Amino acid sequence: MGTVVALSGGVGAAKLAHGLYRLRGRDLAVLVNTGDDYEHLGLAFSPDIDTVLYALAGIASSTSGWEPAGETRALHAMLKTLGGPDRPILGDKSLAAPILRAHGLRQDRGLTDITLEFCRQLGIEARVLPMSDDPVRTPALTADGAVPFPEYFNELACEPQVLGFQYAGAEDARMSDAVLDVLHSNDLEAVVIGPCNPFHSIRPILEVNGLRQLLRKRGAPVIAVTPIVGGKALTGSAGKMMRELGREVTARSVAMEYYKLIDGFVIDGADENQADGILACGMEVVVAQTVMRNLEDRVRLAQTVLDFARAIRERRLQEA
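Residues numbered from 1 in each chain as written. Predicted model: local features only at pLDDT ≥ 70, side-chain atom pairs only at ≥ 80, totals over all residues. Heavy atoms only, no water.

**Student:** I'm lost on the pattern of salt bridges in this one. Help?
**Tutor:** A side chain of one charge can pair with a side chain of the opposite charge if their charged atoms are brought near each other. Applying the stated criterion across every chain yields a total of 20 salt bridges. When the shortest N-O distance is used, the salt bridge between Arg-26 and Glu-125 registers 3.5 Å. Of this pair, Arg-26 sits in the loop between helix H1 (11–24) and strand E2 (28–32) while Glu-125 sits in the loop between helix H5 (111–122) and strand E5 (127–130), and the two are 99 residues apart along the sequence. For Arg-26, a relative accessible area of 54% puts it in the exposed group. The salt bridge involving Glu-207 is made with Arg-212; its shortest N-O contact spans 3.9 Å. Of the residues examined, Glu-207 reaches a relative accessible area of 27% and is grouped as partly exposed. Classification of Arg-212 as partly exposed rests on a relative accessible area of 26%. Through salt bridges that share partners, Arg-24, Glu-189 and Arg-313 make up one connected network. (Salt bridge = Lys/Arg side-chain N within 4 Å of Asp/Glu carboxyl O. Helix = DSSP H or I, 4+ residues; strand = E, 2+ residues; numbered from the N terminus. Buried < 20%, exposed > 50% of the residue type's maximum accessible area, 1.4 Å probe, protein only.)

Here it is, written out as C-alpha cells:
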C-alpha cells in the first residue's frame, strides 16, 4: 500500500479522512485548509485543522463535528457576563488547541510543527498538515466589499450574497517541507479531495503557490467526492454560494470546479442521472453512497474511493 493524500476542509471532508485513516493509518496524510484561520481574544483558531484532529482522534461530537464530544460553554457564558463578544460561540474543550497554538506561534514555532505535535498527543498516526505555514486568508466578496470569512460565517451567519472570493497570500505562500515530502513520496497512490465547499475549503489549498501544478505533475489519480446530493449541500453553505456565484447546485457543477485537475468524481446514487454529463467532460465517475451517517459509512466510502483510484491507475498501466 502507498501513501494517500486527502485534501480537507469542513466536517464532510473530515469524516472521509477518518474513513481513510481507518483503512490506511500512518500511510495517510491530510492537507488541511487554513484560509479560514483567524485570531480572536489573542488566540489562534484553525477550525478546519481542529475538525480533522477531532475526527481522526475519535473524539469529535456526533452532532457538531467541529468540536469535541461533551462540549460545554461555561467560559463563554462568563465572557459574556464580563462584557465579552457573543460570537463566535466558544466551547471550553475547543479552546485548548487555540490556546496552545497561539502559545506555539508566539515562540516562533511553525503551524505544521504545532499540528504534528497535536497529532502525537492525540495518538494520531496519520500526518495532519496545514496547507502552508504562511498565512492565507479567503475573504468573501460582497456588495459591501471584502468580508473576512470568520466574520461572514460567525457574525453575519452567511447572509450576505457572495460575489466571489479572494485568496490573499496564496500566491506567495510556500508549501511546507512536510507537504512537499508527502507529495513527492515515491509511493504516492492517490490524492483525494473530500466532500466540502469547493470555493472556500478546497480552492485555498489549490491556490498555494505550485500545489495544483505539483498534483498534476506527480501523476497519481486525483479523485474528488461530491458535497452536493440531490441538489443540496449536506452541510455548510456550499449550495447557497453556488447559486449566488451563478452555478447550478448539482454534483456536475462541483465536478467542473475541478476540471483538468481530477481524474475521477464520486457522486451519490441520488444523482446517478448526472454521470453521463460528467463523463462527457473527460472525468471518470463512480456512483456510491456518499452520505456518511456512521463510521461504517465513512470506511465504505473511503474504500470505494481507493478502489476507484486503483482502477484508474491499473487502466493507465494497461494503456501504457
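**Student:** Mind showing me how you'd approach the sheet that holds strand E1 (residues 3–8) here?
**Tutor:** By definition, the strands of a sheet pair up through backbone hydrogen bonds, in either a parallel or an antiparallel sense. Within the open sheet, the 7 strands sit side by side as E5-E2-E1-E9-E10-E13-E14. Their pairing is parallel. Each edge of the sheet is formed by a strand with only one pairing partner; in this case those strands are E5 and strand E14 (284–288). Taking each pair of neighbouring strands and ignoring which way they run, the sheet shows an average axis angle of 20°. Sheet analysis places E2 next to E5, joined by 4 bridges and oriented parallel. Bridge assignment links Val-32 to a residue of E5, and that residue is Pro-130. (Pairing = 2+ DSSP bridges. Axes fitted to C-alpha atoms, helices over the stretch in contact; angles between N-to-C directions.)

**Student:** Help me out: how do you make sense of helix H4 (residues 96–106) in this one?
**Tutor:** Along an α-helix, residues three or four apart share an orientation, since each turn contains 3.6 residues. When H4 is considered as a whole, its buried residues turn out to be Ala-97, Pro-98, Arg-101, Ala-102 and Gly-104. Projection of H4 onto a plane perpendicular to its axis shows the buried side chains occupying an angular sector of 165°, all on one side. Positioned one or two residues after H4, Asp-108 has a phi angle of 65°, which is positive. (Arc of directions from axis to C-beta.)

**Student:** What is the right way to read the side chain of Asp-50 from this model?
**Tutor:** Summarising the element assignment, Asp-50 is placed in helix H2 (residues 47–57). Apart from residues lying up to four places away in sequence, Asp-50 is in contact with Ala-97, Pro-98 and Arg-101. (Contact = heavy atoms within 4.5 Å.)

**Student:** It is not clear to me how the sheet that holds strand E8 (residues 164–165) should be interpreted in this structure. Could you clarify?
**Tutor:** The 3 strands lie next to each other as E7-E6-E8, forming an open sheet whose pairing is antiparallel. Single-partner strands in this sheet number two, and they are strand E7 (145–147) and E8. Relative to E7, strand E6 (residues 140–142) runs antiparallel, the two sharing 3 bridges. Bridge pairing in E7 links Leu-141 to Ala-146.

**Student:** Where do I start with the packing of aromatic side chains in this structure?
**Tutor:** How two aromatic rings sit relative to each other is set out by the distance from centre to centre and by the angle between their planes. If you walk through the whole model with that rule in mind, you get 3 aromatic pairs. Considering the side-chain rings of Phe-149 and Phe-153, the 6.1 Å spacing of their centres and the 20° angle between planes classify their relative orientation as stacked. Remark: Phe-153 and Phe-149 occur in helix H6 (residues 149–155); sequence separation between them is 4 residues, near one turn of the helix. Under the relative-accessibility criterion, Phe-149 is labelled buried at 6%. Grouping aromatic residues by their ring pairs yields a cluster made of Phe-149, Tyr-152 and Phe-153. (Phe/Tyr/Trp six-rings, centres within 6.5 Å; stacked < 30°, edge-to-face > 60°.)

**Student:** Got a minute to help me understand the packing of helix H8 (residues 198–207) against helix H9 (residues 211–218) in this structure?
**Tutor:** The description of two packed helices rests on the angle between their axes and on the distance between the axes. Here H8 crosses H9 at 80°, and the two axes come no closer than 6 Å. Regarding the angle of H8 to H9, the classification is roughly perpendicular. Two secondary-structure elements touch here, H8 through Arg-203, Ile-205, Leu-206 and Glu-207 and H9 through Leu-211, Arg-212 and Leu-215. (Parallel < 35°, antiparallel > 145°, perpendicular 65-115°, else oblique.)

**Student:** Whenever I open this one, the state of the cysteines confuses me. Can you help?
**Tutor:** Disulfide: a covalent bond connecting the sulfur atoms of a pair of cysteines. Evaluated as defined, the whole model comprises 0 disulfides. Sulfur of Cys-119: no disulfide; nearest cysteine sulfur belongs to Cys-196 and is 18 Å away. Looking at Cys-119, the relative accessible area reads 2%, which means it is buried. A disulfide-free cysteine, Cys-196 has its sulfur positioned 15 Å from the sulfur of Cys-158, the nearest such atom. On the accessibility criterion, Cys-196 (6% relative accessible area) is buried. (Disulfide = S-S within 2.5 Å.)

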